[in-house]
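Per-entry structural report
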There are 2 protein chains.
Amino acid sequence: MAVEEDGLRADARANRDRILEVARKALTHDPETPLSAIGKAAGVGQGTLYRHFPTREALALAIYREEINALAALASTLLQKHPPLEAFRLWCAQLANSSAMKRGVAKLLQGATSEDDKRETYEQMVLAVRSLIAACEAAGAIDTGANADDVLMLLGVLWQLPSHPGRDSQSARIIALIFGGLGAKD
Amino acid sequence: MAVEEDGLRADARANRDRILEVARKALTHDPETPLSAIGKAAGVGQGTLYRHFPTREALALAIYREEINALAALASTLLQKHPPLEAFRLWCAQLANSSAMKRGVAKLLQGATSEDDKRETYEQMVLAVRSLIAACEAAGAIDTGANADDVLMLLGVLWQLPSHPGRDSQSARIIALIFGGLGAKD
DNA sequence: TTAAGTAACGGACAATTGTCCGTTTAGTCA
DNA sequence: TGACTAAACGGACAATTGTCCGTTACTTAA
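To keep things clear, this report deals only with the structure shown in the data block. (Residues numbered from 1 in each chain as written. Chains lettered and ligands numbered in written order. Predicted model: local features only at pLDDT ≥ 70, side-chain atom pairs only at ≥ 80, totals over all residues. Heavy atoms only, no water.)

1. What to know about the interface of chain B and chain A
With 20 residues of chain B in contact, the opposing surface of chain A contributes 20 residues. Buried area between chain B and chain A, both sides added, is near 1900 Å², and the carbon and sulfur share of it is 64%. Considering only the surface of chain B that becomes buried against chain A, Met153, Leu154 and Leu177 of chain B emerge as the three largest contributors, covering 31% of it. Where Arg173 of chain A meets Asp150 of chain B, a salt bridge forms, and the shortest distance between an N and an O atom there is 2.5 Å. Linking chain B to chain A there are four residue pairs in polar contact (both at pLDDT 80 or more). Looking at the side of chain B that touches chain A, the element that brings in the most residues is helix 8 (residues 167–181) of chain B, giving seven residues. The residue inventory of the side of chain B that touches chain A, partitioned by class, reads ten nonpolar, seven polar and three charged. (Contact = heavy atoms within 4.5 Å. Buried area = accessible area lost by both parts, 1.4 Å probe. Salt bridge = Lys/Arg side-chain N within 4 Å of Asp/Glu carboxyl O. Polar contact = N/O pair within 3.5 Å; in protein donor to acceptor, adjacent residues only side chain to side chain. Helix = DSSP H or I, 4+ residues; strand = E, 2+ residues; numbered from the N terminus. Nonpolar A, V, L, I, M, F, W, Y, C, P; charged D, E, K, R; others polar.)

Okay, structure coming up:
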């Protein structure tokens, strides 16, 4: 019976899942929990932890991949229910509020075009942005020729905003600025 | 004879300068040189190194502060020699190319509004952007009401671009997008 | 069912970061 | 000039990250 549903051996998958579960709780409680402590709590050795997640970032990325997936999927949902430009706006608002992104986890996708395991997650986001841009262009709601990579880079700024009073309005201003750059027709 | 020109004791200043000199060379050669190695090369103990520069970031920030200062100063120079909008554009171009910012050093000013020693450097940049915006507004070259913090956050993206073929054109596109958002009158 | 092959394990170890604290010395004042 | 004091030093130590490699056990195939 070929069991390799995802190319991972059964015990490896079990370990991976257990590490993620433990890490999610631990990192939520304290973002700087030592990786070694997480490994111990998950009942695996250092080697196992690091083989699965070479860096702290990789671990965090895995934890929040679900939420990122949901965000990427949201794009098409919004496009079905709203006019393109409004869908785009709603998506950006959701991006700015996406709780998983806040604080330390924010740095995740920076320079994501380089390292390999980030790449996959990054691509999902680019695709989402590309679909939103394409729909808006088709509807004549923005200027043509915008580059999804560029726009995503700029939107990434929203994840870096420190959470201070006024953060929400700053998000709104920045989104407005970007839409202005895209030539959005209000 | 009161010698404290900058609130630092003479020997402390000498150490600080020596560390910076060594670190500049070492980090240019290999951005991941261990801090302990830098300390040893500068002939100071771990304690001294960490007292002066609590983190790797702090050290890098100090190294590149000169270059950042120059960038901030460039704004007024450009404003004297060029029409406001062109000055702004030239400044952004310089920002994108500022060699010190590339690679690992790029992350420096992210979330700069939080930690204290970053704050000062960050303020200089905000002031520069604010002066450029004000001049452009006064000349009617951009829409009024732009927020310097917002614009600087967006410009910060330029420091995060991985150096790949096409980086320069991506910089140009992003700058154009931002200027579009500002309502720049071409 | 068993044996072989290999992916995965996990703890020991190396490297680096970051802290602490007793010692030294620059700067001050009589 | 000779203490005095506080700033600064720097090495030892603790904590964390990251690597290595001999051992274990999941899978497959006969």
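2. Digging into the packing of helix 8 (residues 167–182) of chain A against helix 7 (residues 148–155) of chain B
Relative orientation of the contacting elements helix 8 of chain A and helix 7 of chain B amounts to 65°, with a least axis distance of 10 Å. At the point where helix 8 of chain A passes helix 7 of chain B, the crossing takes the right-handed sense. Facing helix 8 of chain A, whose interface residues are Gln170, Arg173, Ile174, Leu177 and Ile178 of chain A, helix 7 of chain B presents Asp149, Asp150, Val151, Met153 and Leu154 of chain B. Tallied by class, the residues present in the contact of helix 8 of chain A with helix 7 of chain B amount to six nonpolar, one polar and three charged. (Axes fitted to C-alpha atoms, helices over the stretch in contact; angles between N-to-C directions. Left-handed = near helix turned anticlockwise from the far one by under 90°.)

3. What about the relation of the copies chain B and chain A?
Taken as rigid bodies, chain B and chain A are interconverted by a rotation of 180° and an axial shift of 0.0 Å, the fit giving an RMSD of 0.1 Å. What the rotation and shift describe, once combined, is the action of a two-fold rotation axis. The position closest to the rotation axis in chain B is occupied by the C-alpha of Gly181 of chain B, lying 1.9 Å away. Take the interface residues of chain B: 100% of them recur as interface residues in chain A, which is what a same-surface contact looks like. (Least-squares fit on C-alpha atoms with pLDDT ≥ 70 in both.)

4. Thoughts on the protein's contact with DNA strand D
Near DNA strand D, the surroundings consist of 23 residues, among which Ala10, Leu35 and Arg56 of chain A together with Asn15 and Arg51 of chain B are the closest. Near the protein, within 4 Å, the atoms of DNA strand D are sugar or phosphate in 63% of cases. Taking Asn15 of chain B, its side chain carries an N or O atom lying 2.3 Å from a phosphate oxygen of DNA strand D. Between DNA strand D and the protein, one listed contact pairs a phosphate oxygen with a side-chain N or O atom of Arg51 of chain B at 2.6 Å. (Near = heavy atom within 4 Å.)

5. Focus: the side chain of His52 of chain B
In this fold, His52 of chain B is placed in helix 3 (residues 46–52). Apart from the residues lying within four places of it in its own chain, the contact partners of His52 of chain B are Ala12, Asn15, Arg16 and Ile19 of chain B.

6. Details of the protein's contact with DNA strand C
Residues in close proximity to DNA strand C total 24 residues, the closest being Arg9, Asn15 and Arg51 of chain A together with Leu35 and Arg56 of chain B. In this structure, Asn15 of chain A approaches DNA strand C through a side-chain N or O atom, which is 2.4 Å from a phosphate oxygen. A distance of 3.0 Å is found between a base oxygen of DNA strand C and a backbone nitrogen or oxygen belonging to Gly47 of chain A. Of all the elements in the fold, those that place two or more residues in the surface near DNA strand C are helix 1 (10–29) and helix 3 (46–52) of chain A together with helix 1 (10–29), helix 2 (35–42) and helix 3 of chain B. For the surface near DNA strand C, the element with the most residues is helix 3 of chain A, which contributes five residues. The residue inventory of the surface near DNA strand C, partitioned by class, reads nine nonpolar, nine polar and six charged.

7. Observations concerning the packing of aromatic side chains
Residue and element names in this part refer to chain A. What the rule picks out here adds up to two aromatic pairs over all chains. Taking the centre distance of 5.0 Å and the plane angle of 65° together, the rings of Phe88 and Phe179 count as edge-to-face. Taken together, the residues Phe88 in helix 5 (residues 84–97) and Phe179 in helix 8 connect sequence positions 91 residues apart. Over the aromatic face of Phe179 sits the side chain of Arg89, whose NZ or CZ is 4.8 Å from the ring centroid. (Phe/Tyr/Trp six-rings, centres within 6.5 Å; stacked < 30°, edge-to-face > 60°. Lys NZ or Arg CZ within 6 Å of the ring centre and 35° of its normal.)

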